[in-house]
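The primary structure of each chain is shown beneath.
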Amino acid sequence: MGPRLLLVPLGCLALLLPPPPAAAEFSPSLDSDFTFTLPAGRKECFYQPMRKEASLELEYQVLDGAGLDVDFHLLSPKGETLVFDERKSDGVHTVETEDGDYMFCFDNTFSTISEKVIFFELILDNMGEDGQDEEDWKKYVTGTDLLDMKLEDILESINSVKARLSKSVQIQTLLRAFEARDRNIQESNFDRVNFWSMVNLGVMVVVSAVQVYMLKSLFEDKRKSRT
């Protein structure tokens, strides 16, 4: 029953904030990515709880849709607009955070026909988990001065490997997003080429028929035979 009671205030908090057409909350993980479809004339908003003196990095890309553009808003817990991108296809933003829920929205209300497929990734730094890990390691530091490699060196190496692996995963995720967007563009161009090729073929057939008819009419004997 404990976890169920904990979720009730969070839901109430989301209802007290300015009501967007749709909203969702992400767990405070270090790295999250999400892909969704934004219908025409709609606005989707998401909330991310942050701690003081942490860092929030957000990168987004429009993968599919006419124009490959969208409006982007990032608001602080106080409701102040931190970032506003108007009709852009991608963007990367990093902010130093304070305690509270940050809201970011993707706005497609300017489009009346085309829906957009949007990918975004959140990277959270200094959320307090690493500091707790370091405190746990300090219990084993005493009495290790005789070792050739101290536990601080091992911890530093592990953190370095962890950071590089996280960066590799981030780059691979972005490459997949770029690949998806390029594929959508190629498929759209393929459909356009096929459509206009059929139109040109139809025009050529009509022009050829008209030319044959005109040439045939030039050689017809229009003189009437008399008996």
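Residue indices begin from 1 for each chain and proceed along its sequence in written order. In keeping with the model being predicted, local features are shown solely for residues with a pLDDT of at least 70 and side-chain atom pairs are shown and tallied solely at 80 or more, while totals for entire chains, interfaces and linings include all residues. The side-chain numbers reported here are obtained from all heavy atoms of the structure, hydrogens and water having been left aside.

**Here we look at the environment of Ser111**
Rule in force here: Secondary structure elements follow DSSP: runs of H or I no shorter than four residues count as helices, runs of E no shorter than two count as strands, and numbering proceeds from the N terminus. Contacts between residues were defined by any pair of non-hydrogen atoms, one from each residue, lying within 4.5 Å.
Structurally, Ser111 can be placed in the loop between β7 (100–107) and β8 (116–125). Each C-alpha atom of the pair Ser111 and Ala40 lies 5.4 Å from the other, and the pair is 71 residues apart in sequence. With sequence-adjacent residues up to four places away left out, Ser111 is seen in contact with Ala40 and Gly41.

**Observations concerning the side chain of Glu59**
We count it as follows: Residue burial is assigned from relative accessible area. The probe radius is 1.4 Å, only protein chains are included, and a residue is buried under 20% of its type maximum, exposed over 50%, and partly exposed in between.
In this fold, Glu59 is placed in strand β3 (residues 55–64). The buried category is assigned to Glu59, whose relative accessible area is 12%. Excluding residues within four positions of it along the chain, Glu59 makes contact with Gly91, Val92, Phe119, Phe120, Glu121, Gln170 and Leu174.

**Some points on the sheet that holds strand β6 (residues 90–96)**
What counts, and what does not: Two strands pair if DSSP finds at least two bridges between them. Axes here refer to lines fitted to C-alpha atoms; in helices the fit is confined to the stretch in contact. Angles between the N-to-C directions go from 0 to 180 degrees.
Taken in spatial order, the 4 strands of this open sheet run β1-β8-β3-β6, and their pairing is antiparallel. With partners counted over all chains shown, the strands left at the sheet margins are β1 (31–38) and β6, one partner each. Within the sheet, the average angular offset between the axes of one strand and its neighbour, ignoring direction, is 15°. Taken together, the 7 bridges between β3 and β6 define a ladder with antiparallel strand orientation. The residue of β6 that forms the bridge with Glu57 is Thr94. Running at roughly 20° to β3, helix α3 (residues 151–218) makes contact with β1, β3, β6 and β8 of the sheet.

**A short note on the state of the cysteines**
Counted only if it meets this: Disulfide assignment relies on a single distance test, namely cysteine sulfur atoms paired within 2.5 Å.
In total, this model carries 1 disulfide according to the counting rule given. Across the disulfide from Cys45 sits Cys105; the S-S distance is 2.0 Å. As the torsion about the S-S bond is roughly 110°, the Cys45-Cys105 disulfide counts as right-handed. Pair noted here: Cys45 is in strand β2 (residues 43–50) and Cys105 is in strand β7, with a separation of 60 residues, a long-range link. We classify Cys45 as buried; its relative accessible area is 2%. For Cys105, a relative accessible area of 1% gives the class buried.

**Thoughts on the pairing of strand β5 (residues 81–88)**
Consecutive side chains of a regular strand alternate in pointing toward one face of the sheet and then the other. Strand direction decides the pairing type here: strand β4 (residues 70–75) and β5, joined by 5 bridges, are antiparallel. If you follow Leu75 over to β5, its bridge partner there is Thr81.

**With respect to the UniProt feature "transmembrane region" (unreviewed entry) in the protein chain**
Put simply, the rule is: UniProt positions are given in the numbering used here, feature names are shortened, and annotations may be inferred rather than shown by experiment.
Per the UniProt annotation, the sites labelled "transmembrane region" (unreviewed entry) are residues 195–215. Secondary structure over residues 195–215 splits into 100% helix and 0% strand, and the C-alpha atoms at its two ends are 31 Å apart.

**Remarks on the nonpolar core**
To keep things clear, this is the line we draw: In this description, a nonpolar core means a group of buried Ala, Val, Leu, Ile, Met, Phe, Trp, Tyr and Cys residues linked to one another through side-chain atoms lying within 4.5 Å.
Ranked by size, the top nonpolar core spans 23 residues in total, and within it Phe72, Phe104, Phe106 and Phe120 carry the most contacts. Of all elements in the fold, only β1, β2, β3, β4, β7 and β8 reach the threshold of two or more residues within this core. Dropping the residues within four chain positions of it, Phe104 is found in contact with Glu44, Cys45, Phe46, Gln48, Leu58, Phe72, His73, Leu74, Phe120 and Leu122. Cys45, Tyr47, Leu75 and Cys105 belong to the second-largest nonpolar core, a separate cluster that totals 5 residues.

**What to know about unusual backbone geometry**
One non-glycine residue, Leu68, lies in positive phi territory at about 50°. Here Leu68 lies in the loop between β3 and β4. In this structure, Arg87 takes a positive phi of about 50° despite not being glycine. Structurally, Arg87 is set in strand β5. Owing to a relative accessible area of 47%, Arg87 belongs among the partly exposed residues under this scheme.

**Regarding the sheet that holds β2**
In a beta sheet, neighbouring strands are held together by backbone hydrogen bonds and run either parallel or antiparallel to one another. Taken together, 4 strands build an open sheet; the order of strands is β2-β7-β4-β5 and the sheet is antiparallel. On the outer flanks of this sheet lie β2 and β5, each paired with one strand and no other. The mean inter-strand angle of the sheet, taken between neighbouring strand axes irrespective of direction, is 10°.

**Observations regarding α3**
For an α-helix the count is 3.6 residues per turn, leaving residues at separations of three or four pointing the same way. Worth spelling out the cut-off: Helices are assigned an expected span. That span is 1.5 Å times one less than the residue count.
Taking 1.5 Å per residue as the helical rise, α3 with its 68 residues ought to reach 100 Å, and the 99 Å between its terminal C-alpha atoms agrees with that figure. Inspection of α3 places Leu151, Leu155, Gln170, Thr173, Leu174, Ala177 and Arg181 among the buried residues, and these make up the whole buried set.

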